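# Survey of secondary and tertiary structure
Letter by letter, the chains look like this.
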Amino acid sequence: MSLKNYHDTVQENDTVILYLGYDNMHAIKIKRGSVFQTKYGALRHNNIIGTTYGSRVQCPKGYLYVLYPTPELWTSNLPHRTQILYTTDISMVSFQLDLKPGAVVVESGTGSASLSHSIIRSILPDGHLYTFEFHQERAQKAEEEFKDHGLADYVTVTHKDVCQFGFDLENVADAVFLDLPVPWDALPSAKKALKKQGGRICSFSPCIEQVQKSCACLAELGFEEISTMECLVRNYDVRTINLPNPDFSKENKKSQPHRKNKKPDEEETMDTTPLNETSEETPQSEEADSCNSKDKQTSEELDTPAWDYIGKKTAANFSFKAGISLGRMPGHTGYLTFATLYPI
Ligand SMILES: C[S@@+](CC[C@H](N)C(=O)[O-])C[C@H]1O[C@@H](n2cnc3c(N)ncnc32)[C@H](O)[C@@H]1O
C-alpha cells in the first residue's frame, strides 16, 4: 500500500485487498512465489503481479477482485489488536477536526491504527501525525505497518503513557484526537500541544459518564463550542409496497366512513391503511391478496417517505420498490465530543 504514490498495477510487496464479496475480503501482502487460499481455491501471487487494480482474477472454483487498499478498505480488513474506529465515526472526526493537507495532528492511543491511516491520507503530502500508544507491542506493530504501507515519513509513533507523562509537544498541532479510557487526564497536555492560533479537539468515549467528565474538563480548560454526537449508519431495506388504487365511485364513497367522524388517532390509521409492504421473496399473487393487511409494518416504517421507486400499476393496485429506513438503528460504538480552542 502506498497512499501517497498511487499506482495502477499490482507490484511485489504491495498490500492488496482481495474482494470475494461484501463481507468476505482479505488484506494480503504480495510476495512472488506465495499462495493464498480462498474459498474459491488457491490464489498464486505470481498470477496477480502486473494485473490492473480493480480487475477480476480467476481462481479454480470462482473469481475475485483485486482492489487498491484505501484507508476505508484497510479499516474493514486490518488485524485487530484493539477495538477500532470505523469509517462512520472516522468521516465525522475528519470533517469536524477540519483535517486537510498540511495539518499537524496528535492522536492517542494508536490502538490498531485504523483511524491513523485515514488521518494520514487527509493530511498528505506535507502534514504530520504524532501518535502515542502505551502498549509497547501495539506501538511497534503500528510503526511496522506504517513503514510497510509507505507512510513512515508522515507519522511519528511514540510509546508512552500520555495520561501520566503528557505528549511533550507544544504549539504544534492543528487538531488532537483522544481514544483513551481516561481522556480528561490527557486534556491539559493536549491543550499545550495545540497551536497558539487555536485548534480543534475530539475525544471518543463509549460511555456517557466519560463524556460528562471530559466535557466538564474541556470547559474548565477554556475550550469552547463543546458538543457531543453519536454517528450511526442508517440502513435502508428495499421492499415492495402495494398501494391499492383509490376508488372514487359514488357507491364506494357511501360505504366509506366520513373522515370528520373519526378520532385523530383513527384518522391517521385510515390515511395509512392502503400502504402495504411485502418482502422481496413474496410471490406476486400473495402480494395482491395481502393488500390491506398491515402485519409487518411499524408506524415508523409507515411514516418513512419512499425515495426511490420503480412503479407497476395493475387494476387492483400500484406496487413499487421503496427504500425503507429501519425503525431502530443499532450499532452504538461511542460518543464523539468535539471542542474548539480559540487563540488567547
Ligand atoms: C480503543 S484503542 C484505539 C483504537 C484506535 N483509535 C483505532 O482506530 O485503531 C485505545 C488504545 O489506547 C491505548 N491507551 C490507553 N491508555 C493510554 C495512555 N494513557 N497512553 C497511551 N495510550 C493509551 C490502549 O493501549 C489502546 O491501544
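Since this is a predicted model, take the numbers as computed values, not measurements.

## Overview of the sheet that holds strand β5 (residues 56-59)
Spatially, the four strands line up as an open sheet ordered β2-β1-β6-β5, and their pairing is antiparallel. In this open sheet, the two edge strands, each paired with only one partner strand, are β2 (24-29) and β5. Averaged over all pairs of adjacent strands, the angle between strand axes in this sheet comes to 30°, irrespective of strand direction.

## Here's the deal with the state of the cysteines
Under the defined criterion, the tally for this structure stands at zero disulfides. For Cys-202, which is in no disulfide, the shortest distance to another cysteine sulfur is to Cys-231 and amounts to 9.3 Å.

## A few points about the pairing of β5
One face of the sheet, then the other: side chains in a regular strand alternate in exactly this way. Side chains Val-57 and Cys-59 of β5 all project onto a buried face; the interleaved residues Arg-56 and Gln-58 project onto a face where none is buried. Two strands pair when backbone bridges link them, and β5 and strand β6 (residues 62-67) are joined in this way by four bridges, in the antiparallel orientation. Considered in β6, the bridge of Gln-58 is made with Tyr-63. In sequence, β5 turns back onto β6 through a hairpin of two residues.

## Considerations on the environment of Thr-9
Secondary-structure assignment places Thr-9 in the segment before β1 (15-21). Residue classification places Thr-9 among the partly exposed positions, given a relative accessible area of 29%. Separated by 43 residues in sequence, Thr-9 and Thr-52 have C-alpha atoms that sit 4.2 Å apart. Excluding residues that lie within four positions of it along the chain, Thr-9 makes contacts with Asp-14, Gly-50, Thr-51, Thr-52 and Tyr-53.

## Focus on helix α3 (residues 87-96)
Residues lying three or four places apart along an α-helix face the same way, a consequence of the helix completing one turn every 3.6 residues. Three or more residues of α3 are buried, namely Asp-89, Ile-90, Val-93, Ser-94 and Gln-96. Following α3 by one or two positions, Asp-98 has its phi on the positive side, about 60°.

## With respect to the site of the ligand
Residues in contact with the ligand amount to 23 residues; listed here are only the nearest, Leu-85, Glu-133, Arg-138, Asp-161 and Asp-179. One nitrogen or oxygen atom from the side chain of Arg-138 is found 2.7 Å from an oxygen atom belonging to the ligand. Side-chain polar atom of Asp-179 to a nitrogen atom of the ligand: 3.0 Å apart, as the coordinates give it. Burial of the ligand by the surrounding chains reaches 91%, relative to a free accessible area of 610 Å². Of all the secondary structure elements, the ones that give two or more residues to the shell around the ligand are α4 (114-123) and α6 (162-165). Residue composition of the shell around the ligand, by class: nine nonpolar, nine polar and five charged.

## Quick look at the packing of aromatic side chains
Enumeration over the complete set of coordinates arrives at five aromatic pairs. Summarising the aromatic geometry, the rings of Phe-132 and Phe-167 are spaced 5.0 Å apart at their centres and angled 75° between planes, so their arrangement reads as edge-to-face. Taken together, the residues span a long stretch of sequence, with Phe-132 in strand β8 (residues 128-133) and Phe-167 in the loop between α6 and β10 (175-178) at a distance of 35 residues. Phe-167 matches Phe-132 in its accessibility class, with the two residues each being buried. These aromatic residues form a ring-pair network of at least three members: Tyr-6, Tyr-53 and Tyr-68. One cation-aromatic arrangement involves Arg-56 over Tyr-63; the distance from NZ or CZ to the ring centre is 3.5 Å.

## Digging into the sheet that holds β8
Strand pairing in a sheet is mediated by backbone hydrogen bonds. Such pairs are either parallel or antiparallel. Read from one edge of the open sheet, seven strands run β9-β8-β7-β10-β11-β17-β12, paired in mixed fashion. The two strands at the open ends of the sheet, each matched to only one other strand, are β9 (155-159) and β12 (224-229). If you compare each strand with its neighbour and ignore which way they point, the axes differ by 15° on average. As paired elements, β10 and strand β11 (residues 199-205) share four bridges and run parallel to each other. Across the sheet, residue Phe-177 finds its bridge partner in β11, namely Cys-202.

What counts and what doesn't
- Residues numbered from 1 in each chain as written.
- Predicted model: local features only at pLDDT ≥ 70, side-chain atom pairs only at ≥ 80, totals over all residues.
- Heavy atoms only, no water.
- Pairing = 2+ DSSP bridges.
- Helix = DSSP H or I, 4+ residues; strand = E, 2+ residues; numbered from the N terminus.
- Axes fitted to C-alpha atoms, helices over the stretch in contact; angles between N-to-C directions.
- Disulfide = S-S within 2.5 Å.
- Buried < 20%, exposed > 50% of the residue type's maximum accessible area, 1.4 Å probe, protein only.
- Contact = heavy atoms within 4.5 Å.
- Near = heavy atom within 4 Å.
- Polar contact = N/O pair within 3.5 Å; in protein donor to acceptor, adjacent residues only side chain to side chain.
- Areas by Shrake-Rupley, 256 points an atom, 1.4 Å probe, with all protein chains shown as cover.
- Nonpolar A, V, L, I, M, F, W, Y, C, P; charged D, E, K, R; others polar.
- Phe/Tyr/Trp six-rings, centres within 6.5 Å; stacked < 30°, edge-to-face > 60°.
- Lys NZ or Arg CZ within 6 Å of the ring centre and 35° of its normal.

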